[in-house]
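A closer look at the structure
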Amino acid sequence: MNSPVRVSEPLAHLDDWEESLRARYPAASSEKKREEFRDYRKEARPSVKEFYRLNHRFQTLDFVLAKKREYLPLQKRKMGIWEAMEYLNTLVDDSDPDTDLSQIEHLLQAAEAIRADGHPRWFILTGLIHDLGKILCLYGEPQWAVVGDTFPVGCGYSDKVVFSEFFADNPDNMEPKYQTECGTYSEGCGLDHVHLSWGHDEYLYHVVKDYLPEPGLYMIRYHSFYPAHTEGAYGQLMNDHDRAMFRWVRAFNPYDLYSKAAARPDVETLRPFYEELIAEYFPPVLAW
Ligand SMILES: [Fe+2]
């Protein structure tokens, strides 16, 4: 498992980022309680550390605006949801096919855990699709522009962002107007007016925003925003509606992080249920 650390793609497996989240935020029921977890940064793998170094160095406001201009017209592909799941499944990285789950199996695991707890159908569907934005990797985006905890750009960095010391090398760090508490934003402006670091959350939100109930859209758009939903940072940019909706984002988080250790789902057996659920909310083809 000692893959060499590559310059632009340090993670051997895209899911290594989520594995690092589970190490940083162990489940309440886990033996390794959070308070026992002394210093995540010291224990993080070199590949994960290198991943965050690149992420914090290159996610500038200009970068985010450029990616939004590139992707948000949604002119890359036309696909249905299941087709997008199969497309994401073509993501080839260094995972072991005998022990590691495929991307479709990961998505089904999260959805099945939500379903098993008796949540509404839109919630199950949100679990199924929440990581489809990772197809950004298949368009050639580097890992640091697809996954990783998200954070606002264009305002001061919170020390609640993991490895926040790496922001010292971000060019925005030299711009005083970006480094006040609210930066280019106004206090309480609401997250819809805030640019977060670019990645799979924001991209998928724009693909599905006309089709899902708002709590599901918040789960998709902010599920990687750990500095806010888990660390409580950036409250100065949120409004009351964001705060109400973040209850849903927090309700979703355990399914994102901890459902992935369960047994391998049987894709073909589950497929009819999920095809029907997808058709309930989405048109046969969406713009990506
Ligand atoms: Fe995700």
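Here, the structure is the one placed above.
Residues numbered from 1 in each chain as written. Predicted model: local features only at pLDDT ≥ 70, side-chain atom pairs only at ≥ 80, totals over all residues. Heavy atoms only, no water.

**Describing the packing of helix H6 (residues 103-116) against helix H7 (residues 121-129)**
Interaxial distance between H6 and H7 falls to 7 Å at its minimum, and their mutual angle equals 160°. When the interaxial angle is binned, H6 and H7 end up roughly antiparallel. Between H6 and H7 lies a crossing whose hand is right-handed. Within the contact between the two elements, H6 uses Leu107, Leu108, Ala110, Ala111, Ile114 and Arg115 and H7 uses Phe123, Ile124, Gly127, Leu128 and Ile129. (Axes fitted to C-alpha atoms, helices over the stretch in contact; angles between N-to-C directions. Helix = DSSP H or I, 4+ residues; strand = E, 2+ residues; numbered from the N terminus. Parallel < 35°, antiparallel > 145°, perpendicular 65-115°, else oblique. Left-handed = near helix turned anticlockwise from the far one by under 90°. Contact = heavy atoms within 4.5 Å.)

**Re the coordination of the iron ion**
Only Asp131 (OD), His200 (NE2) and His223 (NE2) from the protein coordinate the iron ion, and they sit 2.0 to 2.2 Å from it. Read in sequence order, the donor residues coordinating the iron ion give the pattern D-x68-H-x22-H. Taken together, the residues Asp131 in the loop between H7 and helix H8 (200-208) and His200 in helix H8 connect sequence positions 69 residues apart. The pair formed by Asp131 and His200 is uniform in burial state, with each residue classed as buried. (Donors = N, O, S within 2.8 Å, 3.2 Å for Na, K, Ca; no water. Buried < 20%, exposed > 50% of the residue type's maximum accessible area, 1.4 Å probe, protein only.)

**Thoughts on the nonpolar core**
Leu128, Ile129, Leu132 and Trp288 are the most contacted members of the largest nonpolar core, which totals 90 residues. Beyond its immediate sequence surroundings of up to four residues, Leu132 is in contact with Ile81, Ala84, Met85, Leu88, Leu107, Leu204 and Trp288. (Core = buried A, V, L, I, M, F, W, Y, C linked by side-chain atoms within 4.5 Å.)

**Some remarks on the environment of Met238**
By secondary structure assignment, the location of Met238 is in the loop between helix H10 (226-229) and helix H11 (240-258). Residues Met238 and Glu187 lie 51 residues apart in sequence; the distance between their C-alpha atoms is 7.8 Å. Sequence-distant contacts of Met238, defined by excluding residues within four places in its chain, comprise Gly188, Gly190, Leu191, Arg243 and Phe246.

**Topic: helix H4 (residues 61-71)**
Every buried residue belonging to H4 is among Leu61, Phe63, Val64, Lys67, Lys68 and Tyr71, and all of these are buried. Buried residues of H4, viewed axially, fall in a sector of 160°; they line one side. For H4, the exposed residues set more than 90 degrees away from the buried face come down to Asp62 and Arg69. The elements touched by buried residues of H4 are helix H3 (46-58) and H8. (Arc of directions from axis to C-beta.)

**Details of the packing of aromatic side chains**
The tally for this structure, following the rule as stated, stands at 26 aromatic pairs. Look at Tyr71 and Tyr139: their rings are 5.7 Å apart centre to centre, the planes differ by 20°, and that puts the pair in the stacked class. With Tyr71 in helix H4 and Tyr139 in the loop between H7 and H8, this residue pair connects regions lying 68 residues apart in the sequence. By relative accessible area, Tyr71 is classed as buried at 1%. Taken together, a centroid distance of 5.4 Å and an interplanar angle of 45° make the contact between Tyr218 and Tyr222 tilted. With Tyr218 and Tyr222 both in helix H9 (residues 214-222) and four residues apart, the pair spans about one turn of that helix. Put simply, the rings of Tyr218, Tyr222, Phe225, Tyr234 and Phe246 pair up and form one aromatic cluster. Sitting above the plane of the Tyr87 ring, Arg77 keeps its charged end 3.8 Å from the centroid. Sitting above the plane of the Phe273 ring, Arg115 keeps its charged end 3.6 Å from the centroid. (Phe/Tyr/Trp six-rings, centres within 6.5 Å; stacked < 30°, edge-to-face > 60°. Lys NZ or Arg CZ within 6 Å of the ring centre and 35° of its normal.)

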